[in-house]
Amino acid sequence: MVAVADIAYVVYDHPDLDEAERFYRDFGLVTAARRPDELLMRGADGQPYCYVARKADRPRAVAIGMRVNSREDLERAAREEGVEMEPIDCLGGGWRVRLASPMGVDFELVHGCRPLEPLPMRDPLVLNHASNKARRGQWQRAVTEPAHVLRLGHVALVSSDFKAHGQWLQQRLGMMPSDILYDGTPDNALGGFFHCTGGDDWVDHHTIALFPAPVCGIHHASFEVQDIDAQFHGNKFLLAQGRKPLWGVGRHILGSQVFDYWFDPQGNVVEHFTDGDLVRPGKAPDYHQVADDSLAQWGPPISVQAFIERRPPPGAA
Ligand SMILES: [Fe+2]
């Protein structure tokens with residue numbers, strides 16, 4: 001079995017690539033390459049792209065790209081899946097193995113994509129905490145602009161069969177649950193947050209999440225920004241552009257991220273996050289009763305059902 005190292009990109013079909021490009025620039029991504037039928041957008045890290053928009057008649061979430069550590073891992077995955085490795089014909093090149101999943105979206109294992117020069121990103125703001133004032137004689141003057149994205153951090157899926165789909169993530173991608181949600185008793189697991197085990201010594205608390213729902217597919221894709229001020233300025237900027245918010249700004253409980261969710265022009269949900277938890281790969285999962293107050297430590301009130309169904313709470317613009 002191959003253990004994925006990290007998430008690489010998401011692929012969506014869009015009827016209007018110009019419209020998609022305008023939104024995702026407002027969201028903080030940068031155009032990396034554009035062809036008549038394909039738009040590649042990147043963050044400030046060295047990965048060639050993290051968001052792929054394909055021209056198509058109907059909008060649809062298509063695939064999630066996951067990085068593996070070596071060409072040998074990719075060859076082994078191809079053997080185990082009984083499929084061919086394919087060259088990737090776009091910026092950065094590399095090789096890919098496609099996995100059909102039961103979760104309404106394909107997974108693509110990738111390796112060998114050539115990195116690009118990282119883009120400039122402002123340094124994290126130095127904060128003067130009550131008990132630790134590190135900023136002396138300097139002023140806080142972050143500006144309102146798109147919340148520059150560093151990287152894609154995770155994708156949350158809705159899943160009609162958590163047991164089967166959680167096992168699929170473990171058996172096919174080598175992922176492990178950091179936290180599991182249950183209703184009533186822990187053996188009635190409904191959802192969970194999975195981390196990568198093929199990556200570094202410390203990895204994101206979750207790279208794939210599964211939320212319970214009657215259908216399968218992508219719930220949201222989440223992109224990391226520098227700090228909380230970037231997030232609030234990004235929120236102000238997106239509102240000023242007339243973009244539609246779903247939920248935020250707030251701080252989650254499981255994963256601890258400061259979050260802010262938005263609808264793109266096709267109704268796909270994307271998230272800005274910062275200050276997420278890290279775990280050791282292989283950490284044993286913790287179990288939590290699912291409840292409305294399990295969603296956030298602070299932020300606008302919303303129910304689990306409304307969040308999963310992507311219904312903005314009252315008062316969202
Ligand atoms: Fe998220």
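Worth saying up front: this structure is predicted, and the values here are computed from it rather than measured. (Residues numbered from 1 in each chain as written. Predicted model: local features only at pLDDT ≥ 70, side-chain atom pairs only at ≥ 80, totals over all residues. Heavy atoms only, no water.)

Structural notes on the overall build of the protein
- Along the backbone of the protein there are five helices and 22 strands.
- The C-alpha atoms of the protein give 19 Å as radius of gyration, which agrees with the globular expectation for 317 residues (20 Å, within 12%).
- Taken along the three principal axes of its C-alpha coordinates, the protein extends 60 × 50 × 40 Å.
- For the protein, the residues scored as buried account for 51% of the 317 residues in total. (Helix = DSSP H or I, 4+ residues; strand = E, 2+ residues; numbered from the N terminus. Rg over C-alpha atoms; globule rule 2.2 N^0.38 Å. Buried < 20%, exposed > 50% of the residue type's maximum accessible area, 1.4 Å probe, protein only.)

A few points about the sheet that holds strand β6 (residues 86-87)
- Taken in spatial order, the eight strands of this open sheet run β2-β3-β4-β1-β5-β8-β7-β6, and their pairing is mixed. For this open sheet the edge positions go to β2 (30-35) and β6, each flanked by a neighbour on one side alone.
- Its contacts with the sheet put helix α1 (residues 17-27) on β1 (6-14), β2, β3 (38-42) and β4 (51-55), and the angle it makes with β3 is roughly 5°.
- Against the sheet, helix α3 (residues 162-173) contacts β7 (95-99) and β8 (106-111), and its axis sits at roughly 25° relative to β8. (Pairing = 2+ DSSP bridges. Contact = heavy atoms within 4.5 Å. Axes fitted to C-alpha atoms, helices over the stretch in contact; angles between N-to-C directions.)

Quick look at empty space enclosed by the protein
- One pass over the full model with this rule turns up one cavity of 30 Å³ or more.
- Contributing to the lining of the largest cavity are 21 residues, with Leu181, Phe193, Phe211, Leu295 and Phe307 lying nearest its centre.
- For the lining of the largest cavity, the secondary structure elements donating two or more residues are β11 (149-159), β15 (208-212) and α5 (304-308).
- Residues belonging to the lining of the largest cavity are distributed by class as follows: 14 nonpolar, six polar and one charged. (1 Å grid on protein atoms, 1.4 Å probe; cavity = no way out; pocket = protein on both sides within 12 Å on 5 of 7 lines; lining within 4 Å. Points joined across faces, edges and corners; volume = space filled by probe spheres on them. Nonpolar A, V, L, I, M, F, W, Y, C, P; charged D, E, K, R; others polar.)

Focus on helix α4 (residues 228-240)
- Over its 13 residues, α4 extends 18 Å from the first C-alpha to the last, a length consistent with the 18 Å expected when each residue adds 1.5 Å.
- Residues of α4 that are buried in the fold lie against α1, β16 (217-225), β17 (244-252), β18 (258-263) and β19 (269-274).
- Positive phi appears at Gly242, one or two residues downstream of α4, with a value of about 80°. (Expected span 1.5 Å × (residues − 1).)

Notes on the coordination of the iron ion
- The iron ion binds to the protein through His154 (NE2), His220 (NE2) and Glu271 (OE); the donor distances cover 2.1 to 2.2 Å.
- Residue classification places His220 among the buried residues on the basis of a relative accessible area of 2%. (Donors = N, O, S within 2.8 Å, 3.2 Å for Na, K, Ca; no water.)

Structural notes on the sheet that holds strand β22 (residues 296-298)
- Taken in spatial order, the ten strands of this open sheet run β21-β12-β13-β15-β11-β16-β19-β18-β17-β22, and their pairing is mixed. Across the chains shown, the open sheet's two edge strands, defined by having one partner strand only, are β21 (286-289) and β22. Averaged over all neighbouring strand pairs, the angle between strand axes comes to 30°, with direction disregarded.
- For strand β12 (residues 176-182) and β21, the ladder comprises four bridges, and the chain directions are parallel. Each residue of the ladder has a partner; that of Ile180, found in β21, is Tyr287.
- The strands touched by α3 are β11, β12, β13 (189-195) and β15; relative to β13, the strand with the most contacts, the crossing angle is about 15°.
- Taken strand by strand, α4 contacts β16, β17, β18 and β19, and its axis lies near 20° from that of β18.

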